[in-house]
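Each chain, written out:
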Amino acid sequence: MSRRSLVKIDPELSFEEAALFGCAVLTGVGAVVNTAGVKAGQSVVVIGLGGVGLASVLGALACGASPVIAVDLSEDKLALARSLGPVQTVNAADPDAVDQVRALTNGGAEVAFEMAGSVRALENAWKMTRRGGTTVTAGLPPPAAALAVNIVSLVGEERTLKGSYIGTCVPSRDIPRYVALYRQGRLPVDRLMSGVIPLDEINAGFDRLHAGEVVRLIVRP
């Protein structure tokens with residue numbers, strides 16, 4: 001590992017808190033701040049409320065987006081999203097989920113984020129995006145997965161479809177920024193910590209993550 005990969009952080013931050021600023025926060029918050037450049041007052045929808053998606057919700061709130069809408073299949077995760085701030089929620093299992101989001105955003109979100117790693121979720125994110133809006137994906141479906149896009153709407157409606165890799169982040173720049181926002185209470189990423197487990201329970205921890213029972217677990221030696 002190169003020493004250039006090391007990032008100095010606030011020494012008062014606990015190791016448990018610092019661990020949260022790895023992949024999920026960099027990817028989720030970075031997708032909002034860096035990739036999409038969300039501005040105050042813009043409407044945002046986030047599909048998929050794992051660690052990355054919930055970090056995107058926090059990032060949208062920190063940017064002053066309004067409304068912020070969270071979409072997932074899990075009622076527990078939808079409830080967690082609502083507890084983070086002024087967030088409206090839609091259950092992805094509802095047959096009219098797309099119509100609900102379009103109604104809540106007066107015709108579609110200005111920026112839609114797909115964080116579920118699912119082609120169907122990305123298709124819905126595209127449908128939830130308004131004319132002239134931007135659809136961003138950081139999800140990683142199977143390598144052979146493909147998305148069919150209506151080229152006429154892409155051109156005629158001046159739509160944008162963007163990929164986001166680790167939130168377009170520069171870690172040495174962005175981690176200190178996000179930590180500062182956390183210390184100010186503007187980016188409460190600690191709310192995403194589901195618990196702390198010992199190293200010998202790591203396999204069970206991965207099973208819980210896979211089942212969607214937890215958002216982020218901290219592993220202690």
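Residues numbered from 1 in each chain as written. Predicted model: local features only at pLDDT ≥ 70, side-chain atom pairs only at ≥ 80, totals over all residues. Heavy atoms only, no water.

Caption draft 1: Highlighting the overall build of the chain. In terms of helices and strands, the chain carries 9 helices and 8 strands. What you see for the chain is a C-alpha radius of gyration of 17 Å, in line with the 17 Å of a compact globule of 221 residues. In terms of principal-axis extent, the alpha carbons of the chain reach across some 55 × 35 × 35 Å. Within the chain, contacts between residues separated by at least 24 positions form 64% of all contacts whose residues are at least 6 apart in sequence. Separation of charge centres in the chain, based on 21 positive and 21 negative side chains, amounts to 9 Å. (Helix = DSSP H or I, 4+ residues; strand = E, 2+ residues; numbered from the N terminus. Rg over C-alpha atoms; globule rule 2.2 N^0.38 Å. Contact = heavy atoms within 4.5 Å. Lys, Arg positive; Asp, Glu negative; His and termini not counted. Charge placed at Lys NZ, Arg CZ, Asp CG, Glu CD.)

Caption draft 2: Summary view of the packing of helix H2 (residues 23-35) against helix H8 (residues 171-183). Closest axis-to-axis distance for the H2/H8 pair is 11 Å, and the angle between their directions is 95 degrees. Considering their axes alone, H2 and H8 lie roughly perpendicular with respect to each other. Contacts from Val25, Leu26, Val29, Gly30, Val33 and Asn34 in H2 reach Arg173, Asp174, Ile175 and Tyr178 in H8. (Axes fitted to C-alpha atoms, helices over the stretch in contact; angles between N-to-C directions. Parallel < 35°, antiparallel > 145°, perpendicular 65-115°, else oblique.)

Caption draft 3: Structural view of unusual backbone geometry. Residue Pro67 follows Ser66 across a cis peptide bond; omega there is -5 degrees. For Pro67, the location among the structural elements is in the loop between helix H3 (51-63) and strand E2 (68-72). A positive phi is found at Asn106, a non-glycine position, where the angle reads about 55 degrees. If you trace the backbone, Asn106 turns up in the loop between helix H5 (97-104) and strand E4 (109-114). With phi around 50 degrees, Ile166 is a residue other than glycine that occupies positive phi space. Position of Ile166 among the secondary structure elements: in the loop between strand E6 (160-163) and H8. Classification of Ile166 as partly exposed rests on a relative accessible area of 35%. (Buried < 20%, exposed > 50% of the residue type's maximum accessible area, 1.4 Å probe, protein only.)

Caption draft 4: Region of interest: the environment of Glu110. Position of Glu110 relative to the elements: it lies in strand E4. Each C-alpha atom, one on Glu110 and one on Asn124, is 14 Å from the other, the two residues being 14 residues apart in sequence. For Glu110, the contacting residues outside a window of four places in its chain are Gly41, Gln42, Ser43, Thr129, Arg130, Gly133 and Thr134.

Caption draft 5: How the structure looks around the packing of H2 against H3. Remark: H2 packs on H3, axes separated minimally by 7 Å, with the N-to-C direction vectors making an angle of 40 degrees. Taken together, the axes of H2 and H3 lie oblique to each other. Here the hand of the crossing between H2 and H3 comes out right-handed. Listed contacts from H3 to Ala24, Val25, Thr27, Gly28, Val29, Val32 and Val33 of H2 are Gly51, Val52, Ala55, Ser56, Gly59, Ala60 and Cys63. (Left-handed = near helix turned anticlockwise from the far one by under 90°.)

Caption draft 6: Inspection of the pattern of salt bridges at higher detail. Here the structure, examined in full by the defined rule, presents 7 salt bridges. Between Asp10 and Arg183 there is a salt bridge, and its shortest N-O distance comes to 2.8 Å. On the criterion of sequence distance, the pair formed by Asp10 in the segment before helix H1 (15-19) and Arg183 in helix H8 is long-range, its members being 173 residues apart. By sharing partners, the salt bridges in this structure join Asp10, Glu12 and Arg183 into a single network. (Salt bridge = Lys/Arg side-chain N within 4 Å of Asp/Glu carboxyl O.)

Caption draft 7: Structural context of the pairing of strand E8 (residues 216-220). Relative to E8, strand E7 (residues 193-198) runs parallel, the two sharing 5 bridges. By the bridge assignment, Met193 is partnered in E8 with Arg216. Note on the crossover from E7 through helix H9 (residues 202-210) to E8: the handedness is right-handed. (Pairing = 2+ DSSP bridges. Right-handed = clockwise from strand over helix to strand, strands pointing away.)

Caption draft 8: The arrangement of helix H4 (residues 75-83) in detail. Listed as buried for H4 are Lys77, Leu78, Leu80 and Ala81. Axial view of H4: buried residues confined to an arc of 160 degrees, hence all on one face. The elements touched by buried residues of H4 are H3, E2 and strand E3 (87-91). A side-chain oxygen of the first residue of H4 lies 3.3 Å from the backbone nitrogen of Asp76; this N-cap is Ser74. Where H4 ends, the next residue or the one after it, Gly85, has phi of about 160 degrees, a positive value. (Arc of directions from axis to C-beta. Polar contact = N/O pair within 3.5 Å; in protein donor to acceptor, adjacent residues only side chain to side chain.)

Caption draft 9: Region of interest: a negative patch on the surface. A cluster of acidic residues, Glu75, Asp76, Asp94, Asp96 and Asp99, forms a negative patch at the surface. Of note, Asp94 is situated in the loop between E3 and H5. For Asp94, a relative accessible area of 30% corresponds to the partly exposed category. (Patch = residues over 30% accessible without salt bridge, like charges linked within 9 Å, V, L, I, M, F, W, Y side chains within 5 Å. Areas by Shrake-Rupley, 256 points an atom, 1.4 Å probe, with all protein chains shown as cover.)

Geometry only, nothing functional implied.
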